[in-house]
Amino acid sequence: FAAPGKERSVSTNQRWLVRLRHLGVFLALLGAPLPAGAQSGSGKVPRVGLLGVTSAAGYARQVEAMRQGFRNLGYVEGQNILIEYRWADGRYDRLPTLAAELIRLQPDVLLTSGPGTRVLKEATTRIPIVMAAGGDAVADGLVASLARPGGNITGSTFFGPELSAKRLEILKDAVPGLASVAVLLNPGNKNYGRDLEMVKRTATALKVEIFEAPARLPTEFEAAFALILRRQADGLVLLTDSMLVANMRRLGELSATKRLPGAGSDEYAEGGGLLAYGVDFPALWRRAPYFVDKILKGGQPATIPVEQPTKFILTFNLKTARAMGLPVQQSVLLRADHVIE
């Protein structure tokens, strides 16, 4: 038989356990948040299927930003959230097959960007889809409206056509004598038409002649630049496209090497391009886990508003301007958020 003191100790422990259980119920009733990844006590670890349009290396900054976004919400990849990756390596024709692979895994949420959103929309109406970055979700027919998406898609979108046109406008300000401009685009992206049309309208207003320089993959960049130089273009404008975004630094290097003043986005100016204007793509990917978290906690994509970035960044490479012998336009320099010297 146990000693009387031992019996009292066991009884005390049992009472504390009962009190703790009651406390847990009380907190739950008050709406106390569950730990990240908890699924109503089921113990299930949520799974996200990521459809990458380019490559893991090309989108390394975006992926790290996404992971940081998850960490900020209490999720740790491989512990309380699982992410299945599929990368198309810039071959957009592979996206439907990769989307089907992910859907067969039955993830809780699908995450993608650019043309990957339309592919997933056509592949499933049941699994929630988060677009980390999309050109113009309403105009592209991906969502009914920003306030009420109405389907299984939510996330972040930006006005791609307007951004492309704005690049031409700023390039003209930076190089006033601009007369002929090449537009680098990816014919594999079915949505490039509206961007190109907006650039054409702006070119007409600015009295600038433009022509298309296509490149479906990075292996076609050299041929595209050869065409641009053969046509004796004064400048270059890059349309917003996932494959091009993943290679902006390299495109900036090529522009600097060919002494071709250009306007791109993201890392283009850091690579040596004259200027970059656009959204902060890593910031959009850092925000994507917010939508995933909302859905995992019971939110419906149809009623989770689509967000738009409010800040557009202009980077001017003063070092490149000097190397190309371009007179520095103070109006552009003063507008720049970042100046590379």
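Refer to the structure above for everything that follows.
A.B. asks: Looking at this model, I keep getting lost on the packing of aromatic side chains. Mind explaining?
C.D. replies: Each pair of aromatic rings is reported with the distance of its centres and the angle of its planes. Tallied over the full model, the rule gives 6 aromatic pairs. Ring geometry for tyrosine 85 versus tryptophan 87: centroids 6.4 Å apart, planes at 10°, classification stacked. We note that tyrosine 85, like tryptophan 87, is buried. Ring centres 5.6 Å apart and planes at 75° place the aromatic pair phenylalanine 158 and phenylalanine 281 in the edge-to-face group. Separated by 123 residues along the polypeptide, phenylalanine 158 in the loop between β5 (153-157) and α5 (160-174) and phenylalanine 281 in helix α10 (residues 281-296) bring together distant segments of the chain. Above the ring of phenylalanine 211, the side-chain terminus of arginine 231 is found at 4.1 Å from the ring centroid. The positively charged end of arginine 287 is found above the aromatic ring belonging to tyrosine 290, 3.7 Å away from the centroid.

A.B. asks: I keep staring at helix α4 (residues 116-123) and nothing clicks. Help me out?
C.D. replies: Along an α-helix, a turn takes 3.6 residues, which lines up residues three or four apart on a common side. Those residues of α4 not exposed but buried are Gly116, Thr117, Val119 and Leu120. End-on, the buried residues of α4 take up no more than an arc of 165°, which puts them together on one face. Residues of α4 that are buried sit in contact with β1 (47-52), α3 (95-104), β3 (109-112), β4 (129-134) and β5.

A.B. asks: Mind showing me how you'd approach the side chain of asparagine 247 here?
C.D. replies: The residue asparagine 247 is located in the loop between α8 (242-246) and α9 (248-257) in this model. A polar contact of 2.8 Å, which involves the side chain of asparagine 247, links it to the backbone oxygen of methionine 243. Excluding residues within four positions of it along the chain, asparagine 247 makes contact with Pro218 and Phe221.

A.B. asks: Teacher, can you tell me more about the sheet that holds strand β8 (residues 235-238) here?
C.D. replies: Sheet strands associate in pairs through backbone hydrogen bonding, adopting either a parallel or an antiparallel arrangement. Taken in spatial order, the 7 strands line up as β7-β6-β8-β9-β10-β11-β12 in an open sheet, and their pairing is mixed. The open sheet has two edge strands, β7 (209-214) and β12 (338-340), and neither has a second partner. Each neighbouring strand pair of the sheet contributes to a mean axis angle of 20°, computed without reference to strand direction. Strands β6 (180-185), β8, β9 (262-264), β10 (275-278) and β11 (313-317) of the sheet are contacted by α5, whose axis makes an angle of about 150° with β10. Together, β6, β7 and β8 form the strand contacts of helix α7 (residues 221-230), whose direction differs from that of β7 by roughly 155°.

A.B. asks: Sorry if this is basic, but what is going on with the nonpolar core here?
C.D. replies: The nonpolar side chains of soluble globular proteins are, as a tendency, buried together. Within the largest apolar cluster, 58 residues are counted, with the highest numbers of intra-cluster contacts made by Met66, Leu111, Leu274, Leu275 and Phe316. It is α10 that contributes the most residues to this core, 8 residues altogether. Residues within four places of leucine 275 in sequence aside, it is in contact with Ile170, Leu171, Ala174, Gly262, Ala263, Gly264, Tyr268, Ala269, Leu314, Thr315 and Phe316.

Cut-offs applied
Residues numbered from 1 in each chain as written. Predicted model: local features only at pLDDT ≥ 70, side-chain atom pairs only at ≥ 80, totals over all residues. Heavy atoms only, no water. Phe/Tyr/Trp six-rings, centres within 6.5 Å; stacked < 30°, edge-to-face > 60°. Buried < 20%, exposed > 50% of the residue type's maximum accessible area, 1.4 Å probe, protein only. Helix = DSSP H or I, 4+ residues; strand = E, 2+ residues; numbered from the N terminus. Lys NZ or Arg CZ within 6 Å of the ring centre and 35° of its normal. Arc of directions from axis to C-beta. Contact = heavy atoms within 4.5 Å. Polar contact = N/O pair within 3.5 Å; in protein donor to acceptor, adjacent residues only side chain to side chain. Pairing = 2+ DSSP bridges. Axes fitted to C-alpha atoms, helices over the stretch in contact; angles between N-to-C directions. Core = buried A, V, L, I, M, F, W, Y, C linked by side-chain atoms within 4.5 Å.

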